[in-house]
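Given next are the chains, with one letter for each unit.
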Amino acid sequence: MVFKRWFGHRKNKKEENGLNASLDALMAMRKYTPFVQGFNRMRTFSCQTGDIKSAFKGRGIEFEEIRTYNFGDDVRDIDWRVTARKDVPYTKVYTEEKDHEVYVWLDLSAPMLFGSKKELKSVSASKLAALLGWLALENKDRFGCVIFNGRSSSLFKPQNSRTQLMAILKKMAKEGVEVLKNPMLEEKELVKSLKLLEQNAKNKATVFMISDFISMGDEVAKQLSYIAKRSQLYLINVFDALEENPPKAGEYMVEYLGKRLIFDSAPKGYKHDYFAYFAQKRKKLRDFCRRFNCRLAEFRTDMDIVKNLNFM
C-alpha cells in the first residue's frame, strides 16, 4: 500500500524509489555493523533490565558439572558447599559456547507494503535483516532466516557462511520485487511460517522478528509465545511516520490491493482516534514482551539508519 497526496512530489527516476531493497543496498548494510556491535546503545523494553554486553545474547560459558579438584584447576571455581560436605575439594566445570544460532523472521506481506516518505516498511525491514546477517557473520555466529511473503515461506537453515548470507540477500531482493506485483497476507500461512521457525530454531537461539505486527491476532501471539519460551526473542516493530502521527487536515487518497479510498482528516476527534490506534498497538506489543520476557525495539522508516539503531 503506497500513500500519496494529491499532486505530490515525483522523485527523479535515478533516485532510490523506496519500493524494494536492491541486492546492492542489502550488501551495503555491512558498513553499519560497527554501530550495533553492542545492543547496550539501543533502548529496549523488557520486564527485566540490565546491560546487554553483546549484540546476540547467548555467547559465553555454561555450567556442565561438579567434579573433584585437580591440580591446575582455578581455585575460584571451587564449590565450597560441596567441598565442606565431602571434606574433599570439588570444582565447578564450565564449557564454552563455541558458536550461537541467530534467526531472523522477515515479514514481506501486504501490510508491509506501505510508505509515506523515504521507503516502504518492507524495504526498511529487509535492510535491517541484512544488517543482522552481516553482524552474525562478523561475530562468527550461525545465521538463518525465514522470509514470509504473505502466502509462503522460504527457510534458510543457519550457517556461518558468506555464501549462505549472499543467497539470503538475493532471495530478499527478489521477494521484494515479487510482492509488489502480487501482495498478499493469508493468516493461516502466517501461523504456519511461525511454526516453521519454531521447529527449526534450537533452544537458546536468538530470534529477531521483523514486522509491523499489524496482523498479530490471538493465533499469531500464541505461536510467538512458544518461540519466546525457547529462545531469546526480539520483536522489531517497523513503522511509518504516518502511522505514528496523523496527516495534516485535508483530503487524502490511499490505495490497497487495487482499491482506492479518499478520506478527510479535518473532522474533530480524528487525531484523537488516530493516536489512540497506534498507541494501543504499541501497548499490546509491550505487554506481550513483559509477559513472555522478550524484547521490543522500534524502527521508523524515515529516520537515518544510525539514529534508528540508537533509539531502538
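So, a few notes on the structure that sits alongside this text.

Reading the values: rules and limits
Residues numbered from 1 in each chain as written. Predicted model: local features only at pLDDT ≥ 70, side-chain atom pairs only at ≥ 80, totals over all residues. Heavy atoms only, no water. Pairing = 2+ DSSP bridges. Helix = DSSP H or I, 4+ residues; strand = E, 2+ residues; numbered from the N terminus. Axes fitted to C-alpha atoms, helices over the stretch in contact; angles between N-to-C directions. Contact = heavy atoms within 4.5 Å. Parallel < 35°, antiparallel > 145°, perpendicular 65-115°, else oblique. Nonpolar A, V, L, I, M, F, W, Y, C, P; charged D, E, K, R; others polar. Buried < 20%, exposed > 50% of the residue type's maximum accessible area, 1.4 Å probe, protein only. Polar contact = N/O pair within 3.5 Å; in protein donor to acceptor, adjacent residues only side chain to side chain. Phe/Tyr/Trp six-rings, centres within 6.5 Å; stacked < 30°, edge-to-face > 60°.

Let us now look at the sheet that holds strand E6 (residues 153-159). An order of E6-E5-E4-E7-E8-E11 is seen for the six strands of this open sheet, with the pairing classed as mixed. If you trace the sheet from one side to the other, it starts and ends with E6 and strand E11 (295-300), each paired once. For this sheet, the mean angle separating the axes of adjacent strands, direction not counted, is 15 degrees. Strand direction decides the pairing type here: strand E4 (residues 101-107) and strand E5 (residues 142-148), joined by seven bridges, are parallel. Among the inter-strand pairings, Val 104 is bridged to a residue of E5, identified as Cys 145. Helix-sheet contacts for helix H5 (residues 187-200) involve E4, E5, E6 and strand E7 (206-211), and the interaxial angle to E4 is about 175 degrees. Lying on the sheet, helix H8 (residues 270-292) is in contact with strand E8 (232-239) and E11; it crosses E8 at an angle near 170 degrees.

Our focus in this paragraph is the packing of helix H3 (residues 121-138) against helix H4 (residues 162-181). Direction vectors running N to C along H3 and H4 enclose 180 degrees, while the axes themselves pass 11 Å from each other. Taken together, the axis directions place H3 and H4 in an arrangement best described as roughly antiparallel. Where H3 abuts H4, its residues Ser 126, Ala 129, Ala 130, Gly 133, Trp 134 and Leu 137 lie against Arg 162, Leu 165, Met 166, Leu 169 and Met 172. A class-by-class count of the residues in the contact of H3 with H4 yields eight nonpolar, two polar and one charged.

Bringing unusual backbone geometry into the picture now. The backbone phi angle of Asp 87 is positive, close to 65 degrees, even though this residue is not glycine. Within the fold, Asp 87 resides in the loop between helix H2 (80-86) and strand E3 (90-96).

Take the environment of Ser 116 next. With respect to the secondary-structure elements, Ser 116 resides in the loop between E4 and H3. On the basis of relative accessibility, which here comes to 25%, the residue Ser 116 falls in the partly exposed class. Polar side-chain contacts of Ser 116 include one of 2.5 Å to the side chain of Asp 240.

Turning our eyes to something else, we now look at the environment of Ala 110. Relative to the helices and strands, Ala 110 resides in the loop between E4 and H3. Relative accessible area serves as the criterion here: at 2%, Ala 110 is assigned to the buried category. Between the C-alpha atoms of Ala 110 and Asn 182, which are 72 residues apart in sequence, the distance is 8.5 Å.

What follows is about the packing of aromatic side chains. Applying the stated criterion across every chain, the model contains seven aromatic pairs. Measuring from centroid to centroid gives 6.3 Å for Phe 263 and Tyr 270, while their planes differ by 25 degrees, and the two rings are stacked. Judged by relative accessible area, Phe 263 falls into the partly exposed class, the value being 22%. Aromatic side chains Phe 288 and Phe 292 sit 4.8 Å apart centroid to centroid with 45 degrees between the ring planes, which places their arrangement in the tilted category.

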